Amino acid sequence: MSRRELVLSEIGYRPLWKLRAAAVTTPSALPLDTPVNLPKLQVTTAVSPIQPQPISEALDNSVQAPAPPYENPVTATPITDWDDLQQQINACQQCQLAGTRTNIVVGRGNQKARLLLIGEAPGEQEDRHGLPFVGKAGQLLENMLAAAGIDSEREVYICNLLKCRPPGNRNPAPDEISKCSHFLQWQIDAVQPELIVAVGRFAAQSLLQEQASLSSLRGKLHQYGRYPVLVSFHPAYLLRSPGEKAKAWQDWCRVRQLLNQK
Ligand code: SF4
């Protein structure tokens, strides 16, 4: 099985039809979102092609973002650089999660990435390793990025709303999100991404200051300060609801497409 087939299999796009004759162009030679028409046999990928859509025409809503300097709300200490961010989060006792965390989870990836992924909070594996999106959910995310042609090492920085794990993977509390938000604000403006993707309901609602469902926030281009924002499913949710992977795949094709327009 080719790498492409492995990836598509992982995210749920199987089976792929194959021709026995070698006289025609094979699907593997074409972009993943390209429908392929072959003689006598209709061959399609699981995903419809997505038409290019300029950001300015697609904008759904716009949210004003706080302005720097981003500082500790208790001590009024500004964050100076990435090392200082790490130290301040390490020392942070501003919410109750400081008492139950094993490790802080700041983020991973290219600190000057084109794409910023924001999730909700560390889970058990993330708390154990001190890194966001590890374990099965992280692997699924990596596979979706790879399938969409996004280089996670080079093009992506990944972080969460919260830097410490809520016990038992409970939902983040509003005061926890609020007390942790200056760290995220600093990360957003330090990375200066071309595009933000909020994965999961909490990340999307919190960033966009919306109460709308994830379903209604998906498929639209939002704006957070000067940054365009797309919304998609959290990979942990996709593991529980594999039937939604096709929609997630469309989201990641759109992400790739928007990055290609830049
Ligand atoms: S979750 Fe954020 S605000 Fe709460 S202790 Fe951790 S770093 Fe501080």
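The rules behind the values
Residues numbered from 1 in each chain as written. Predicted model: local features only at pLDDT ≥ 70, side-chain atom pairs only at ≥ 80, totals over all residues. Heavy atoms only, no water. Helix = DSSP H or I, 4+ residues; strand = E, 2+ residues; numbered from the N terminus. Near = heavy atom within 4 Å. 1 Å grid on protein atoms, 1.4 Å probe; cavity = no way out; pocket = protein on both sides within 12 Å on 5 of 7 lines; lining within 4 Å. Sits in = over half its atoms within 2 Å of the grid points. Nonpolar A, V, L, I, M, F, W, Y, C, P; charged D, E, K, R; others polar. Points joined across faces, edges and corners; volume = space filled by probe spheres on them. Buried < 20%, exposed > 50% of the residue type's maximum accessible area, 1.4 Å probe, protein only. Polar contact = N/O pair within 3.5 Å; in protein donor to acceptor, adjacent residues only side chain to side chain. Contact = heavy atoms within 4.5 Å. Salt bridge = Lys/Arg side-chain N within 4 Å of Asp/Glu carboxyl O. pLDDT = per-residue confidence, 0-100. Core = buried A, V, L, I, M, F, W, Y, C linked by side-chain atoms within 4.5 Å.

Let's talk about the environment of A236
- Turning to its location among the elements, A236 is positioned in helix 10 (residues 235–240).
- For the pair A236 and G200, spaced 36 residues apart in sequence, the C-alpha separation works out to 8.9 Å.

With respect to the site of the ligand
- Near the ligand you find I89, C92, C95, L97, A98, R101, K163, C164, K179, C180 and F183, and these make up its full shell.
- In a pocket analysis with a 2 Å cut-off to the grid points, the ligand is assigned to the largest cavity.
- The dominant element in the shell around the ligand, judged by the number of residues it contributes, is helix 7 (residues 174–191), at three residues.
- When grouped by side-chain class, the residues that make up the shell around the ligand number eight nonpolar, no polar and three charged.

Focus: empty space enclosed by the protein
- A complete count under the given rule lists two cavities of 30 Å³ or more for this structure.
- Considered as a void within the structure, the largest cavity measures approximately 100 Å³ in volume.
- The element contributing the most residues to the lining of the largest cavity is helix 7, with four residues.
- Partitioned by chemical class, the residues of the lining of the largest cavity number nine nonpolar, one polar and four charged.

Structural notes on the side chain of S152
- Its location among the elements puts S152 in helix 6 (residues 152–155).
- By relative accessible area, S152 is classed as buried at 15%.
- Among the polar contacts listed, one links the side chain of S152 to the side chain of E142, at a separation of 2.7 Å.

A few points about the environment of I118
- With respect to the helices and strands, I118 occurs in strand 5 (residues 115–119).
- Once residues within four sequence positions are removed from consideration, I118 is found in contact with C159, N160, L161, L184, I188, I196, V197, A198, V199, A203 and L207.

Topic: the pattern of salt bridges
- Counted by the stated rule, this structure contains 11 salt bridges.
- For R108, the salt bridge is made with E142, and the minimal N-O distance between the two is 3.1 Å. Here R108, found in strand 4 (residues 108–109), pairs with E142, found in helix 5 (residues 135–147); they are 34 residues apart in sequence, far enough to count as distant.
- Between R226 and D189 there is a salt bridge whose closest N-O contact spans 3.8 Å. One end of the pair, R226, is in the loop between strand 8 (221–224) and strand 9 (227–232); the other, D189, is in helix 7, and 37 residues separate them in sequence.

With respect to the confidence of the model for the protein
- Here the protein shows a mean pLDDT of 83. Residues at 70 or above account for 77%.
- Overall, residues 15–57 carries pLDDT values under 50, and its contacts beyond four positions in sequence, including any with other chains, amount to 58 contacts.

Quick notes on the nonpolar core
- Counting residues in hydrophobic clusters, the biggest one holds 67 residues, and the most contacted among them are L115, I118, I188, W252 and V255.
- Among the elements that take part in this core, helix 7 stands out by supplying eight residues, more than any other.

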